[in-house]
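Next come the chains, spelled out residue by residue.
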Amino acid sequence: MRTLRFGLALVAVLGWSAVVTAANAQPRLPRAIGAEAVAQIESLRAEKQSRTPRQRKISSRLLHESKQRRGLRITPRVRELRTGVSVGRDGTTLVDIDTQVTAAVLDRIDALGGRIVVAVPDQESVRARVPLDRIEQLAELSSIRSIRPAGGFMTHKVDTSEGDVAHRADLARSHFGVDGTGFGIGVLSDGVDTLAARQATGDLPPTVTVLPGQAGSGDEGTAMLEIVFDLAPGADLFFATAFNGQASFAANILALRAAGADIIVDDVAYFAEAVFQDDNVADAVDTVFADGALYFAAAGNEGSLKKGSSGVWEGGFHFSGATLGFTGDPAHDYDGMGSIMNEITDDSPFVFSLQWGEPRGEAGDDYDLYLISPDGTTIEASSTDIQDGDDDPIELISSIGADDLGSHLVIVRTSGIDRFLHLTTFRGELAFATGGQISGHTAAQGALSIAAVRASNAQGPGGTFNGNESVQTFSSDGPRRVFFAADGSFFAPMINPPTAFGGQLRDKPDLTAASCVDTSTPGFNNFCGTSASAPHAAAIAALLLQAGAARSITQSEVIAALTETALDIEAAGFDHNSGAGIVDAFAAAQQAVPTLGPIGLIALIGVIAVSGSRKTRPVGLPPNDRPNG
């Protein structure tokens, strides 16, 4: 069996996600699509139907960009569209190829003037630079299943970290004699460009193990390592980049564990990570978790319904009564009142993405996504990939470098049945919005998803958290509904087609940790976002492993110590903005140690007055300000 690819009935009936519409702003007119825009959609639909067998393997964005660069109209009614495809001076573009990695495939890429960037045979994935005008020739190979623009990604980033004091990690170290010694922490991010400079100043230790060939580029990884070192200065540090594609990201998670990382933390999200399925990155997280590692992931900086910053709409497809295209394709209704256009009320700096409830590599229900001008008259961009039984259930439109404020997103079902949908703007905001922003590997069963709280807002004595704080507005909310395992099989309860009542409902995020803290890394002197939060939690976990080593503390006991002692914020008890609450390193370490001891007792008496209330969600081993960037 081949490896899977990675690379309202009103919504009130289908589940929690569409309890609220028009959450962020009242949509402005127009509420209907203009006649010219309808004609353009019909023209694009005809173009889609006319594609040859090899073109059906290729992303519509690549096909359209190729036409435009040859001076051709995309269709008789559409001269050009924004594609988001970047082409170098040499005419090549970076693509992800879903294929068996064979000599024939690699030789063909070379013969066409391409260059292999990374090949991951276990993931059946190749990332390469290929001449745009030769992609159709490459698609002639029968072993190639799809070719898409290289998967985009983002990090979740918005001296001694203020989080050290705020989380009382300094107290945990001094009173329990722990610093992470004997345990390894692996970091995945962009790169470690100034690692040597940070080591020279003492902000990082002399030894940081960077996996061979995996240093990456950028410096967010350096800033994350700094935070880990501030809180757990005795831990062994490891690094690998997550920026060479999803397949490489998944492989590096496994490699860090093999290299000796007991704890792994990342701050990366790929735009094409599966929402309703555990894909290759989530599967790698679950694999290292099953092997005994603890995994921490940034929850994301994409906003939340409660904070009025939601950029997601999730719920069941509902036929609006309006049809588009010469084949009469039904348009989706966002609010049960015939609204087929969802206005972008805060622009996305990245992409707009639509996913629906089918397994990766098996999608046969075909949905398209259109971006329509503020006045409703013009198609500005589209994603019209073909799903006919062996494809991925995803459509992407780039917003990079564009101003899409006031434009509208329209969802059309071109074939198949009604499916559960997830439309997201990746840091934009929508007029019709719901909760449920957290997705991808941060929602994996084996991951602890970390939300953000500003360190400088700590309300306790001496700058410590005491439970009177709030999650930052940008921090992503849960929960996450997942229908399919990595192999495409249904999670119970099996409801086909999946609805909000099927599969697993995962309570995310899990915990909250400090954001907007100081580091010495250039560009990250004030490091905001869940990218900064996750390494705080990971470092504290290392203190707990050492504190509980004498009694052979288990993985589930570390998780219990973190969650059961967390400071309750937001809604009482567990909530989908803060999880169990803010990590309290001292209280968690006190729970982890074999016995309290006289020093610990004196310390506990001395700090008990500043401890906030604790969240009490039962915990066991899982079933197996703007950010900087």
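For the structure, check the block above.
Below: a short report on this structure. Because the structure is predicted, anything quoted here is derived from the model rather than measured. (Residues numbered from 1 in each chain as written. Predicted model: local features only at pLDDT ≥ 70, side-chain atom pairs only at ≥ 80, totals over all residues. Heavy atoms only, no water.)

## Brief notes about the state of the cysteines
Right, so step 1: Tallying each qualifying case throughout the model produces 1 disulfide.
Right, so step 2: Across a sulfur-sulfur distance of 2.0 Å, Cys 516 and Cys 528 are joined as a disulfide pair. Sign of the S-S torsion, about 120° for the bond between Cys 516 and Cys 528, identifies this disulfide as right-handed. Of this pair, Cys 516 sits in the loop between strand S26 (511-515) and strand S27 (517-518) while Cys 528 sits in the loop between strand S28 (526-527) and helix H12 (530-547); the two residues are 12 residues apart in sequence, bridging distant segments of the chain. You'll find Cys 516 and Cys 528 in the same group, each marked buried. (Disulfide = S-S within 2.5 Å. Helix = DSSP H or I, 4+ residues; strand = E, 2+ residues; numbered from the N terminus. Buried < 20%, exposed > 50% of the residue type's maximum accessible area, 1.4 Å probe, protein only.)

## Concerning the pattern of salt bridges
Right, so step 1: Applying the stated criterion across every chain, the model contains 28 salt bridges.
Right, so step 2: With a closest N to O distance of 2.7 Å, Arg 127 and Asp 96 form a salt bridge. Residue Arg 127 is found in strand S3 (residues 125-131), and its partner Asp 96 is found in strand S1 (residues 92-99); the two are separated by 31 residues along the sequence. Take Arg 127 and Asp 96: they sit in the same class, and that class is buried.
Right, so step 3: Lys 508 is the partner of Asp 510 in a salt bridge, and the nearest nitrogen-oxygen pair spans 2.9 Å. As far as the burial class goes, Asp 510 and Lys 508 line up, both buried.
Right, so step 4: Linked by salt bridges that have partners in common, Lys 48, Asp 366 and Asp 368 make up one network. (Salt bridge = Lys/Arg side-chain N within 4 Å of Asp/Glu carboxyl O.)

## Some points on the nonpolar core
Right, so step 1: Membership of the largest hydrophobic core comes to 71 residues, with the highest contact counts inside it found for Ile 185, Ile 263, Phe 296 and Leu 562.
Right, so step 2: Those residues in contact with Phe 296 that lie beyond four places of it in its chain are Ile 263, Ile 264, Val 265, Asp 266, Leu 448, Ile 450, Ala 534, Ala 537, Ala 538, Ala 541 and Leu 562. (Core = buried A, V, L, I, M, F, W, Y, C linked by side-chain atoms within 4.5 Å. Contact = heavy atoms within 4.5 Å.)

## Structural notes on the packing of H12 against helix H13 (residues 555-564)
Right, so step 1: Contact geometry for H12 and H13: axes closest at 10 Å, N-to-C directions at 120°. By the criterion of interaxial angle, the relationship of H12 to H13 is oblique. In terms of crossing hand, the pair formed by H12 and H13 is right-handed. Contact residues: Ile 540, Ala 541, Leu 544 and Leu 545 in H12; Val 558, Ala 561 and Leu 562 in H13.
Right, so step 2: The residue inventory of the contact of H12 with H13, partitioned by class, reads 7 nonpolar, no polar and no charged. (Axes fitted to C-alpha atoms, helices over the stretch in contact; angles between N-to-C directions. Parallel < 35°, antiparallel > 145°, perpendicular 65-115°, else oblique. Left-handed = near helix turned anticlockwise from the far one by under 90°. Nonpolar A, V, L, I, M, F, W, Y, C, P; charged D, E, K, R; others polar.)

## Some points on the pairing of strand S9 (residues 263-266)
Right, so step 1: Going residue by residue along S9, you find Ile 263 and Val 265 tucked away on one face and Ile 264 and Asp 266 tucked away on the opposite face as well.
Right, so step 2: As judged from the 4 bridges shared by strand S6 (residues 184-189) and S9, these two strands associate in the parallel manner. Looking at S9, one finds that Gly 186 is bridged to Ile 264. (Pairing = 2+ DSSP bridges.)

## Details of the sheet that holds strand S11 (residues 294-298)
Right, so step 1: Strand order in the open sheet formed by 7 strands is S7-S8-S6-S9-S11-S23-S26, and the pairing between neighbours is parallel. Among the strands making up the open sheet, the edge pair consists of strand S7 (208-210) and S26. The mean inter-strand angle of the sheet, taken between neighbouring strand axes irrespective of direction, is 30°.
Right, so step 2: Contacts from H13 reach S11, strand S23 (447-454) and S26 within the one sheet, and its direction differs from that of S11 by about 40°.

## Notes on the sheet that holds strand S19 (residues 394-398)
Whenever strands of a sheet pair, they do so through backbone hydrogen bonds, lying parallel or antiparallel.
Right, so step 1: One open sheet accounts for 4 strands, arranged S12-S21-S16-S19; its pairing is antiparallel. With partners counted over all chains shown, the strands left at the sheet margins are strand S12 (312-316) and S19, one partner each. Going across the sheet, the axis of each strand differs from the next one's by a mean of 10°, ignoring polarity.
Right, so step 2: Relative to strand S21 (residues 420-424), strand S16 (residues 351-356) runs antiparallel, the two sharing 4 bridges. Bridging across to S21, Gln 355 finds its partner in His 422.

## Regarding unusual backbone geometry
Right, so step 1: The amide bond that connects Gly 478 to the next residue, Pro 479, takes the cis arrangement and shows omega of 0°.
Right, so step 2: On the secondary structure map, Pro 479 appears in the loop between S23 and strand S24 (480-482).
Right, so step 3: Cis geometry is found at the peptide bond from Lys 508 to Pro 509, where omega equals -5°.
Right, so step 4: Along the polypeptide, Pro 509 turns up in the loop between strand S25 (504-506) and S26.
Right, so step 5: Backbone geometry at Glu 124 places phi at a positive 50°, although glycine is not the residue there.
Right, so step 6: Here Glu 124 is to be found in the loop between strand S2 (115-120) and S3.
Right, so step 7: With a relative accessible area of 11%, Glu 124 lands in the buried category.
Right, so step 8: The phi dihedral of Glu 570 falls on the positive side, at around 55°, and the residue is not glycine.
Right, so step 9: One can find Glu 570 in the loop between H13 and helix H14 (585-592).

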